[in-house]
Amino acid sequence: MVSRPEVDIVVQAVSGAAGLPFSVATLKAGKRLALANKESMVLAGPLLLDLARKHRAPLLPVDSEHSAIFQALEGRDHGSIRQILLTGSGGPFRLLSQDELERVTPEQALQHPTWNMGPKITVDSATLMNKVLEIIEARWLFGVKP
């Protein structure tokens, strides 16, 4: 579907590793990829960037922080970036002591106060693993060291 001539842009928001084949197919087809799936960049950032260059297919981050960073850098040389700061609340366990952290249960990590994101993303958010994934994503998207 992504390679059809009438397709100009593909918004890839399939969650997890399952989204990677769609990202690859879109770039190989030379289509603009609006990427809302961080896992594609985490799993295969160098491959996707290479495909984007090779097929002259723009790769645009459209998810939260990375989209904002991309927009702020519009028209600027990414080589001049010294530092990117990703914000985070610190998670629901940020005020716990080391001793309390050692007793946190999966059930507690699954109790997101604001929204239901599914168990994996909820735990990734609570443990700040999601921020680690965002650091890896930024590393590839913007060519910065972690």
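Described in the following lines is the structure provided in the data block. Small disclaimer: the values here were computed from a predicted structure and weren't measured.

Quick look at the sheet that holds strand E1 (residues 9–12) now. Across the sheet, 3 strands lie side by side as E1-E2-E3; this open sheet has parallel pairing. Unpaired on one side and paired on the other, E1 and strand E3 (59–61) mark the two borders of the sheet. Looking at each pair of strands side by side, their axes are set apart by 20° on average, direction ignored. In terms of strand pairing, strand E2 (residues 32–35) meets E3 through 3 bridges, oriented parallel. Along E3, the bridge assignment pairs Leu33 with Leu59. On the sheet, helix H1 (residues 20–28) packs against E1, E2 and E3 and is oriented at approximately 155° with respect to E2.

Right, let's get into helix H3 (residues 64–72). Within H3 the residues assigned to the buried category are Glu65, His66, Ser67 and Ile69. Those residues of H3 hidden inside the fold are in contact with E3 and helix H7 (129–142).

All right, on to the nonpolar core then. The tendency in soluble globular proteins is for nonpolar side chains to be buried side by side. Grouped together as the largest cluster of nonpolar side chains are 20 residues, with contacts concentrated most on Leu27, Met41, Leu48, Leu59 and Phe142. Breaking this core down by element, the ones donating at least two residues are H1, E2, helix H2 (38–54) and H7. Among the elements that make up this core, the one with the highest residue count is H2 (6 residues). Non-local contacts of Met41, meaning those with residues more than four positions away in its chain, are made with Leu35, Leu48, Leu49, Leu59, Glu137, Trp140 and Leu141.

This part covers the pattern of salt bridges. Under the criterion given, the structure shown has 5 salt bridges. For Arg4, the salt bridge goes to Glu6, with nearest N and O atoms at 2.9 Å. Here the salt bridges do not stand alone but share partners, grouping Glu65, Lys131 and Glu134 into one network.

Procedures and definitions
- Residues numbered from 1 in each chain as written.
- Predicted model: local features only at pLDDT ≥ 70, side-chain atom pairs only at ≥ 80, totals over all residues.
- Heavy atoms only, no water.
- Pairing = 2+ DSSP bridges.
- Helix = DSSP H or I, 4+ residues; strand = E, 2+ residues; numbered from the N terminus.
- Axes fitted to C-alpha atoms, helices over the stretch in contact; angles between N-to-C directions.
- Contact = heavy atoms within 4.5 Å.
- Buried < 20%, exposed > 50% of the residue type's maximum accessible area, 1.4 Å probe, protein only.
- Core = buried A, V, L, I, M, F, W, Y, C linked by side-chain atoms within 4.5 Å.
- Salt bridge = Lys/Arg side-chain N within 4 Å of Asp/Glu carboxyl O.

Nothing here speaks to function; it is geometry throughout.
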